Amino acid sequence: MSKEYSSLLSELREKLVSCSSQHDLANIKSHYLGRKGVISNEFIKLRTASTEERKILGGKLNALKDEAQKLIASKASELSVSVDCNEKTDISLPGSNIYLGSRHPVNLTINKIIDILRNYGFETVDGFEIEDEFHNFDALNIPASHPARDMHDTFYISDDKLLRTHTSSVQIRSMLSSSPPLRIMTPGKVYRSDSDPTHSPMFHQIEGLCIDKNINFCHLKSLLSTFITELFGRDMDIRFRPSYFPFTEPSAELDIKFNGKWLEVLGCGMVHPNVLSNVKIDSKKYSGFAFGLGIERLAMLQYGITDLRMFYENDLSFLSQFKGLK
Ligand code: PHE
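Residues numbered from 1 in each chain as written. Predicted model: local features only at pLDDT ≥ 70, side-chain atom pairs only at ≥ 80, totals over all residues. Heavy atoms only, no water.

Peer 1: I tried to follow the layout of surface pockets on my own but got confused; where do I start?
Peer 2: By volume, the largest pocket is sized at about 1300 Å³. Surrounding the largest pocket, 46 residues form its lining, Arg192, Phe203, Gln205, Glu264 and Gly294 being those nearest its centre. For the lining of the largest pocket, the secondary structure elements donating two or more residues are β5 (202-212), β6 (238-245), β7 (248-258), β8 (261-271), β9 (287-294) and α10 (295-303). At 7 residues, β8 tops the list of elements feeding residues into the lining of the largest pocket. By residue class, the composition of the lining of the largest pocket is 21 nonpolar, 17 polar and 8 charged. (1 Å grid on protein atoms, 1.4 Å probe; cavity = no way out; pocket = protein on both sides within 12 Å on 5 of 7 lines; lining within 4 Å. Points joined across faces, edges and corners; volume = space filled by probe spheres on them. Helix = DSSP H or I, 4+ residues; strand = E, 2+ residues; numbered from the N terminus. Nonpolar A, V, L, I, M, F, W, Y, C, P; charged D, E, K, R; others polar.)

Peer 1: Even after reading the chapter, I still don't get the site of the ligand, so can you show me in this structure?
Peer 2: Contacts to the ligand come from 13 residues, most closely from His166, Ser168, Arg192, Gln205 and Glu207. Serine 168 has a polar side-chain atom sitting 3.1 Å from a nitrogen atom of the ligand. One of the side-chain nitrogen or oxygen atoms of arginine 192 is found 2.8 Å away from an oxygen atom of the ligand. For the ligand, whose unbound accessible area comes to 320 Å², protein coverage reaches 89%. Taking a 2 Å distance to the grid points as the criterion, the majority of the atoms of the ligand fall inside the largest pocket. Of all the secondary-structure elements, those providing two or more residues to the shell around the ligand are β5, β8 and β9. Among the elements that take part in the shell around the ligand, β9 stands out by supplying 3 residues, more than any other. For the shell around the ligand, a count of residues per class yields 5 nonpolar, 6 polar and 2 charged. (Near = heavy atom within 4 Å. Polar contact = N/O pair within 3.5 Å; in protein donor to acceptor, adjacent residues only side chain to side chain. Areas by Shrake-Rupley, 256 points an atom, 1.4 Å probe, with all protein chains shown as cover. Sits in = over half its atoms within 2 Å of the grid points.)

Peer 1: Can you help me understand the environment of serine 77 in this one?
Peer 2: Relative to the assigned elements, serine 77 resides in helix α4 (residues 51-89). The class for serine 77 is partly exposed, based on a relative accessible area of 42%. In sequence terms serine 77 and glutamine 22 are 55 residues apart; their C-alpha atoms lie 9.9 Å from each other. (Buried < 20%, exposed > 50% of the residue type's maximum accessible area, 1.4 Å probe, protein only.)

Peer 1: Help me understand the nonpolar core in this model?
Peer 2: Considering soluble globular proteins, one finds that nonpolar side chains tend to be buried as a cluster. Membership of the largest hydrophobic core comes to 42 residues, with the highest contact counts inside it found for Ile113, Phe122, Leu224, Phe227, Phe289 and Phe291. For this core, the secondary structure elements donating two or more residues are α5 (105-119), β5, α8 (217-232), β7, β8, β9, α10 and α11 (316-319). The residues contacting phenylalanine 122, other than those within four sequence positions of it, are Leu117, Arg183, Ile184, Met185, Gly208, Leu209, Cys210, Leu223, Phe289 and Phe291. Residues Phe137, Leu140, Leu276 and Tyr286 belong to the second largest nonpolar core, which totals 21 residues. (Core = buried A, V, L, I, M, F, W, Y, C linked by side-chain atoms within 4.5 Å. Contact = heavy atoms within 4.5 Å.)

Peer 1: What is the right way to look at empty space enclosed by the protein in this model?
Peer 2: One way to see where empty space is left: roll a probe the size of a water molecule over the atoms. Per the stated rule, a full pass over the model turns up 1 cavity of 30 Å³ or more. Approximately 60 Å³ is the volume attributed to the largest cavity. Along the walls of the largest cavity sit Leu140, Ser168, Gln171, Met175, Glu207, Phe247, Thr248, Val271, Val275 and Ala290, which together make up its complete lining. The element contributing the most residues to the lining of the largest cavity is helix α7 (residues 168-177), with 3 residues. A breakdown of the residues in the lining of the largest cavity according to their chemical character gives 6 nonpolar, 3 polar and 1 charged.

Peer 1: Which parts of the structure should I look at to understand the side chain of glutamate 253?
Peer 2: Mapped onto the elements of the fold, glutamate 253 is located in strand β7. At 2.9 Å, the side chain of glutamate 253 and the side chain of serine 243 are in polar contact. Sequence-distant contacts of glutamate 253, that is, excluding residues within four places in its chain, are made with Arg239, Phe240, Arg241, Ser243, Phe245, Glu264, Leu266 and Gly267.

Peer 1: What exactly am I supposed to notice about the sheet that holds β9 here?
Peer 2: Hydrogen bonds along the backbone pair up the strands of a sheet, which may run parallel or antiparallel. With mixed pairing, 7 strands are arranged side by side in an open sheet as β1-β4-β5-β9-β8-β7-β6. On the outer flanks of this sheet lie β1 (123-124) and β6, each paired with one strand and no other. Pairing of β5 with β9 involves 8 bridges; the strand directions are antiparallel. Among the inter-strand pairings, aspartate 212 is bridged to a residue of β9, identified as serine 287. Sitting on the sheet, α8 touches β6, β7, β8 and β9, and the angle it makes with β9 is about 30 degrees. (Pairing = 2+ DSSP bridges. Axes fitted to C-alpha atoms, helices over the stretch in contact; angles between N-to-C directions.)

By themselves, these observations are geometric and do not establish any function.
Structure (structure tokens):
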């Protein structure tokens, strides 16, 4: 490299040492490497040199250009690292906005119910969404001829495996694995072959089960009446209407009056002695009650939602209306 070229390089090195910002670096870069910069100028001067000189100086000039590019690139990466460091440590910078979602109305309703029932001594129990016929039907006193066992109502996976049609199957598993007294609640997804604006093939249920000595229908009635008042935050017009479920006897449905109309909200009853004997509980010593309700239906009533499908569409303008609720 000629003397002149090597002094250009040391001058560039000095400038880079004292350069401390991206802005200054951009200026240095354009001064040396820009189209009208110092190095381009030297290339222009070469045009008038002799062929011999051009050969020698051309090589040296190219080496100078390469070196200058390397020095500038390494300074650039040094500066960007230090800029990053500054950003990380500058705690005075305003934070970036974090978008907070909202709880889903189905979860809001489940949590609310769990909170109320927990205060009555009920414990949450999880079960399986894929069940067998024994836990979903047979043990619950649902005969083989019952229409609920039909393919049109139940999603079968194989001859014996199915998607649970209710969370009552969890009650069977709990009664088989632990002995009374028992107070459990079973929130979860259930599946039925049904789909229209008021029915979905998957929906959520929560069931309650209480087994102890001397439990009678009065306990069931008083618990559910208090539960409804707590859930809606005020006294509601309710009625218990006689009904039928294979796994409870006697059975009832609880209706609530909304705008002058009775709406069915939950099923309940005293656990059938056949169910107790299926899970090896002595029905002479113990009795119990059970109740089950559909979460979506309650959420629709509570929040004034008119179409069940809104729960599953993930429409943010719908979901954001529940912001801040717990
Ligand atoms: N398992 C019933 C259903 O899915 C609800 C129910 C539970 C009714 C417990 C009575 C007692 O509709």
